[in-house]
Amino acid sequence: MKDKQNNLGITILFSALNEENLIELSVTEILPVAREALNKFEIILINDGSKDKTGMIMDQLASQYSEIQVVHHPKPGGLGNAFKVGLALAKFDSLVLLTGDREITMEGFKRLTNCIGESDLIIGYRDNQMQARLFYRLIISYTFRLLMVTLFGYDIKDYHGVAIFPVKTVREMSIISKGYPFQVEVLVKLLRLNVSFSEVPFSVNKEKEGNSQVIRFKTFYDFFKTI
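Residues numbered from 1 in each chain as written. Predicted model: local features only at pLDDT ≥ 70, side-chain atom pairs only at ≥ 80, totals over all residues. Heavy atoms only, no water.

### Some details on the overall build of the protein chain
Test applied: Going along the chain from the N terminus, every DSSP run of H or I of four or more residues is numbered as a helix, and every run of E of two or more is numbered as a strand. Radius of gyration: C-alpha atoms only; globule rule: 2.2 Å multiplied by the number of residues to the exponent 0.38. Only protein chains enter the accessibility calculation, which uses a 1.4 Å probe. A residue is then buried if its area is under 20% of the maximum for its type, exposed if over 50%, and partly exposed in between. We call two residues in contact when some of their heavy atoms are within 4.5 Å. Using a 1.4 Å probe, the Shrake-Rupley method yields the accessible areas, and only the shown protein chains count as cover for residues. The charge count treats Lys and Arg as positive and Asp and Glu as negative. His and the chain ends do not count. Charged side chains are reduced to one point each, which is NZ for Lys, CZ for Arg, CG for Asp and CD for Glu.
In terms of regular secondary structure, the protein chain is built from nine helices and seven strands. Here the protein chain has a C-alpha radius of gyration of 17 Å; the compact-globule value for 227 residues is 17 Å, and the two agree. Projected onto its principal axes, the C-alpha positions of the protein chain cover 45 × 40 × 35 Å. Relative to its 227 residues, the protein chain shows a buried fraction of 52%. Counting contacts in the protein chain only where the partners sit at least 6 residues apart, residues at least 24 apart contribute 80% of the total. Element-wise, carbon and sulfur atoms account for 52% of the exposed surface of the protein chain, whose accessible area totals about 11,200 Å². Once the 27 positive and 26 negative side-chain charges of the protein chain are each reduced to a mean point, those two points are 4 Å apart.

What follows is the structure, encoded as structure tokens:
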């Protein structure tokens, strides 16, 4: 394993809506990995209008661990809005947004953070989708990628994996999307600026039926509006 990144830090942002069953595990399994791999990091937890115990669990975690701070939203604002809040609060030069449903494996997270500093933008692509994703989600994912490549011309492997963003550059952007499609918007705008980037494989945990918000009609509508 690589030595700790001594001069570089990262803001780890979690956004969660009604994830009381998974948010504590999602955060507590990241902490030892981040402490081992990085000298400088912070964790920002965004309770995006949850109606269950998600916010209370987040507050408990913040009281236990000095690296954690919590932001509570009175009602759901969407992933894009959570990203912009985290971007404004970030203390470090790099930012990664994770969801509270424990999508990424810890080995995958280590692969991504090991590449901090190699380029401005780290684009993670999921290398085990055939094994981890439901079949209809797999079809949607491949179709979506082909559409993005056709529309924008950037032949990257995954437009909606986990990415590590350059905070300073993204802060100078106007981000339109408030919801799920924000990452496509930010990636395309960064690529148009010709920032340096690396594509890094990572694995995801096996998903369960009904876990994802990507199938919702509003999500499709937001994608097309953003495009």
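Let us keep going from here.
### Considering unusual backbone geometry
Positive phi is not limited to glycine here, since arginine 102 has a value of about 60°. Look at arginine 102 and you get partly exposed, because its relative accessible area is 30%. Despite not being glycine, asparagine 194 shows a phi value in the positive range, around 60°. Within the secondary structure, asparagine 194 sits in the loop between helix H8 (182-192) and strand E7 (197-202). The class for asparagine 194 is exposed, based on a relative accessible area of 69%.

### Notes on the packing of aromatic side chains
For any pair of aromatic rings, geometry is given as the distance between the ring centres together with the angle between the planes. The following threshold applies: Stacked, tilted and edge-to-face are the three classes applied to pairs of Phe, Tyr and Trp rings, where Trp contributes its six-membered ring and a pair requires centres within 6.5 Å; stacked means planes under 30 degrees apart, edge-to-face means over 60, and tilted covers the rest. Note on geometry: a ring has a charge over it if NZ (lysine) or CZ (arginine) is within 6 Å of the ring centre and within 35 degrees of the ring normal.
Here the structure, examined in full by the defined rule, presents two aromatic pairs. Seen from their ring centres, phenylalanine 83 and phenylalanine 165 are 5.2 Å apart, and the 70° between their planes marks the pair as edge-to-face. Taken together, the positions of phenylalanine 83 in helix H3 (residues 79-89) and phenylalanine 165 in strand E6 (residues 163-166) put the pair 82 residues apart, joining distant regions of the chain. Each member of the pair, phenylalanine 83 as well as phenylalanine 165, is classed as buried. One aromatic cluster is present, formed by Phe83, Phe165 and Phe182 through successive ring pairs. When the ring centre of tyrosine 125 is taken as origin, the NZ or CZ atom of lysine 157, which lies over that ring, is 5.1 Å away.

### Observations concerning the environment of leucine 151
Position of leucine 151 relative to the elements: it lies in helix H6 (residues 135-152). According to the relative accessible area criterion, leucine 151 is partly exposed, its value standing at 44%. Sequence-wise, leucine 151 and serine 174 are 23 residues apart; in three dimensions their C-alpha atoms are separated by 20 Å.

### Points about the confidence of the model for the protein chain
Note the following rule: For every residue, the predictor states its confidence as a pLDDT score lying anywhere from 0 to 100.
Overall, the predicted model of the protein chain reaches an average pLDDT of 88, with 91% of residues at or above 70. Long-range and interchain partners of residues 209-214, a stretch whose pLDDT sits below 50, account for 12 contacts in this model, where long-range means more than four residues apart.

### A closer look at the nonpolar core
Inclusion rule: Residues enter a nonpolar core if they are buried and are Ala, Val, Leu, Ile, Met, Phe, Trp, Tyr or Cys, with the set joined through side-chain atoms within 4.5 Å.
Counting 34 residues, the largest nonpolar core has Phe83, Tyr159, Phe165, Val170, Val186 and Leu190 as the members making the most contacts within it. Broken down by secondary-structure element, the contributors of at least two residues to this core are strand E2 (38-48), H3, strand E4 (94-99), strand E5 (121-126), H6, E6, helix H7 (167-171) and H8. For this core, the leading source of residues is H8, giving seven residues. If we ignore the near neighbours within four places in the chain, the residues touching tyrosine 159 are Phe144, Arg145, Met148, Val149, Phe152, Tyr154, Gln183, Val184, Leu187 and Val188. Counting 33 residues, the second largest nonpolar core, distinct from the first, contains Ile10, Ile23, Leu45 and Cys115.

### Some remarks on the side chain of asparagine 128
The condition that has to hold: Polar contact is the term for a pair of N or O atoms within 3.5 Å; when the atoms are in protein, one must be able to donate a hydrogen and the other to accept it, and sequence-neighboring residues count only if both atoms are side-chain atoms.
Here asparagine 128 is to be found in the loop between E5 and helix H5 (129-132). For asparagine 128, a relative accessible area of 14% puts it in the buried group. In this structure the side chain of asparagine 128 is engaged in a polar contact, spanning 2.9 Å, whose partner is the backbone oxygen of valine 204. For asparagine 128, the residues in contact, after removing those within four places along its chain, are Phe202, Ser203 and Val204.

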